[in-house]
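Summary of structural features
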Amino acid sequence: MTAAQNAAVTPGPRPANLPLSKRPFDIAFIVIFGLFIITCIISDSVEGLGLDQVADSPNLLVQWNYTYSSNFDPLYQSHPLWLRFISGTSAFVYVGFYVLLIVSLVKGFNWIQLYSVIYATMIIALTGIPIFGVEFFGPVGERTPDPGVFLLYNGPYILFPLLLLIRMRKPLPFTRVF
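All values reported here derive from a predicted model rather than from experimental measurement.

Bringing helix α8 (residues 156-167) into the picture now. Helix length check: α8, at 12 residues, gives a terminal C-alpha distance of 16 Å against a target of 16 Å (1.5 Å per residue), a fit within 8%. Looking only at α8, the buried set comprises Ile 158, Phe 160, Pro 161, Leu 164 and Arg 167. Buried residues along α8 sit against α2 (24-48), α5 (81-107), α6 (112-137) and α7 (147-154).

Below, the structure written as structure tokens:
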């Protein structure tokens, strides 16, 4: 093999990751996905465990969820089994991913790219489509009475995974700003 052929086969030096301070979108992702951890515990665990959302529950998390669901989200209050599976996945699987994602964003671990793409695709397709579909087009008893409030509460759970998917579109995501 000639030197020119060898140089074409041998990869050059890998670009260095940018420090977190030069990746403002990643800082925003750290904050948002940190909040998602909290909301998974507060909200998704209640639905995932199938706890009845009633005003007089001794469980504070159930009370908070009741306040929201009784006013804006009858689907969430009705406990269909498929929604319990989606919420349980969020509460007990995605939450672990959020921790790994935050650590990877801080440390610049490029290996999180594939898992980010899998997560974002799953949450958009398996969470966003069925839940938003029922909330906007489902039976009257399960449809949200206030689409604006529903979108304020739930839109970020589709928007930020979509932005993460875009962020992770190319190899070595932490070597560039976005």
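Still more ground to cover, so stick around.
The next subject is a nonpolar patch on the surface. Side chains of Val 99, Leu 100, Val 103, Phe 109, Trp 111, Leu 114, Tyr 115, Ile 118, Met 122 and Leu 126 sit close together on the surface and give an oily, nonpolar patch of about 920 Å² of accessible area. Elements with a minimum of two residues in the nonpolar patch: α5 and α6. Among the elements that take part in the nonpolar patch, α6 stands out by supplying 5 residues, more than any other.

Quick look at the packing of aromatic side chains now. Counted under the stated rule, the structure contains 19 aromatic pairs. Taken together, the aromatic side chains of Phe 29, Phe 33, Phe 36, Tyr 94, Phe 97, Tyr 98, Tyr 119 and Tyr 157 make up a single cluster linked through ring pairs.

Turning to its location among the elements, Asn 110 is positioned in the loop between α5 and α6. The exposure class assigned to Asn 110 is buried, which follows from its relative accessible area of 12%. A sequence separation of 65 residues divides Asn 110 from Ser 45, and the C-alpha atoms of the two residues are 30 Å apart. If we ignore the near neighbours within four places in the chain, the residues touching Asn 110 are Arg 14, Asn 17, Leu 172, Pro 173 and Phe 174. Within the local environment of Asn 110, its side chain forms a polar contact with the side chain of Asn 17, the two groups lying 3.0 Å apart.

So, how was this worked out
- Residues numbered from 1 in each chain as written.
- Predicted model: local features only at pLDDT ≥ 70, side-chain atom pairs only at ≥ 80, totals over all residues.
- Heavy atoms only, no water.
- Helix = DSSP H or I, 4+ residues; strand = E, 2+ residues; numbered from the N terminus.
- Expected span 1.5 Å × (residues − 1).
- Buried < 20%, exposed > 50% of the residue type's maximum accessible area, 1.4 Å probe, protein only.
- Contact = heavy atoms within 4.5 Å.
- Patch = residues over 30% accessible without salt bridge, like charges linked within 9 Å, V, L, I, M, F, W, Y side chains within 5 Å.
- Areas by Shrake-Rupley, 256 points an atom, 1.4 Å probe, with all protein chains shown as cover.
- Salt bridge = Lys/Arg side-chain N within 4 Å of Asp/Glu carboxyl O.
- Phe/Tyr/Trp six-rings, centres within 6.5 Å; stacked < 30°, edge-to-face > 60°.
- Polar contact = N/O pair within 3.5 Å; in protein donor to acceptor, adjacent residues only side chain to side chain.

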